[in-house]
Amino acid sequence: MLYRALADLRGLPYIDSGMSPPPSLLQRIPPALMQSRRALPVAEEGGAVVVATADPDDRPTLEAIGRILGLPVQAALADPSWLDEAIQRAIAGLSPRPG
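Read on for a plain summary of the structure. In this text, all values refer to a predicted model and were calculated from it rather than measured experimentally.

**Observations regarding the overall build of the chain**
Within the chain, the secondary structure is distributed over 5 helices and 4 strands. In summary, the chain has a C-alpha radius of gyration of 13 Å against a globular reference of 13 Å for 99 residues, a match within 12%. In terms of principal-axis extent, the alpha carbons of the chain reach across some 50 × 30 × 25 Å. Considering the chain as a whole, with its 99 residues, one finds that 40% of them fall into the buried category. Counting only contacts in the chain whose residues sit at least 6 apart along the sequence, the fraction spanning at least 24 positions is 58%. Per element, the accessible surface of the chain, about 5,600 Å² overall, is 54% carbon and sulfur. Looking at the chain, you have 9 positive and 11 negative side-chain charges, and the mean spots of the two groups are 5 Å apart.

**Points about unusual backbone geometry**
Its identity as a non-glycine residue notwithstanding, arginine 38 has a phi of 50 degrees, on the positive side. Mapping arginine 38 onto the fold places it in the loop between α3 (31-37) and β2 (39-45).

**Digging into the nonpolar core**
Counting 27 residues, the largest nonpolar core has Ile15 and Leu40 as its most contacted members. Elements that contribute at least two residues to this core include exactly α2 (23-26), α3, β2, β3 (48-53), α4 (59-69), β4 (73-78) and α5 (80-94). Sorting elements by how many residues they give to this core places α5 first, with 6 residues. Excluding anything up to four places from it in sequence, leucine 40 contacts Pro21, Leu26, Met34, Val50, Val51, Ala52, Leu83, Ala86, Ile87 and Ala90.

**Examining the pattern of salt bridges**
The tally for this structure, following the rule as stated, stands at 4 salt bridges. Close ionic contact of arginine 10 with aspartate 57 constitutes a salt bridge, the shortest N to O distance being 2.7 Å. Taken as a pair, arginine 10 in helix α1 (residues 2-10) and aspartate 57 in the loop between β3 and α4 lie far apart in primary sequence, 47 residues in all. Residue classification places arginine 10 among the partly exposed positions, given a relative accessible area of 39%. For arginine 37, the salt bridge is made with aspartate 58, and the minimal N-O distance between the two is 2.9 Å. Within this pair, whereas arginine 37 is found in helix α3, its partner aspartate 58 is found in the loop between β3 and α4, the two being separated by 21 residues in sequence.

About the criteria used
Residues numbered from 1 in each chain as written. Predicted model: local features only at pLDDT ≥ 70, side-chain atom pairs only at ≥ 80, totals over all residues. Heavy atoms only, no water. Helix = DSSP H or I, 4+ residues; strand = E, 2+ residues; numbered from the N terminus. Rg over C-alpha atoms; globule rule 2.2 N^0.38 Å. Buried < 20%, exposed > 50% of the residue type's maximum accessible area, 1.4 Å probe, protein only. Contact = heavy atoms within 4.5 Å. Areas by Shrake-Rupley, 256 points an atom, 1.4 Å probe, with all protein chains shown as cover. Lys, Arg positive; Asp, Glu negative; His and termini not counted. Charge placed at Lys NZ, Arg CZ, Asp CG, Glu CD. Core = buried A, V, L, I, M, F, W, Y, C linked by side-chain atoms within 4.5 Å. Salt bridge = Lys/Arg side-chain N within 4 Å of Asp/Glu carboxyl O.

As C-alpha cells, this is what we get:
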C-alpha cells in the first residue's frame, strides 16, 4: 500500500499483479537491463510505453528503454518485490523452450 500511496502522491500510475507485459515489448529489452534497473515495460498506450519501476526518478534507465523501443516512456510505480517477481517471470517466458 505504501507504493500505491506514493504513486497517488506523485501523480503516477500504479502497477500491480493485474498487468501482463506484452512479449512484443519484452523481446526488445535486454533482460540484464530489466533486472539491474528494476524496470519492466508493461503496456503500450497512446503511442507511449508504460514502464513499471521502483524508481520513477531513474531518468537514464527510462530514456534508454525509450530509445530501444523508439517510443516515449511513461513511468509507473510498482512495489519492488512484485517487480522483481514480474521481471523474473517475464524473462523466463522469453527463454527458448527445450524441444
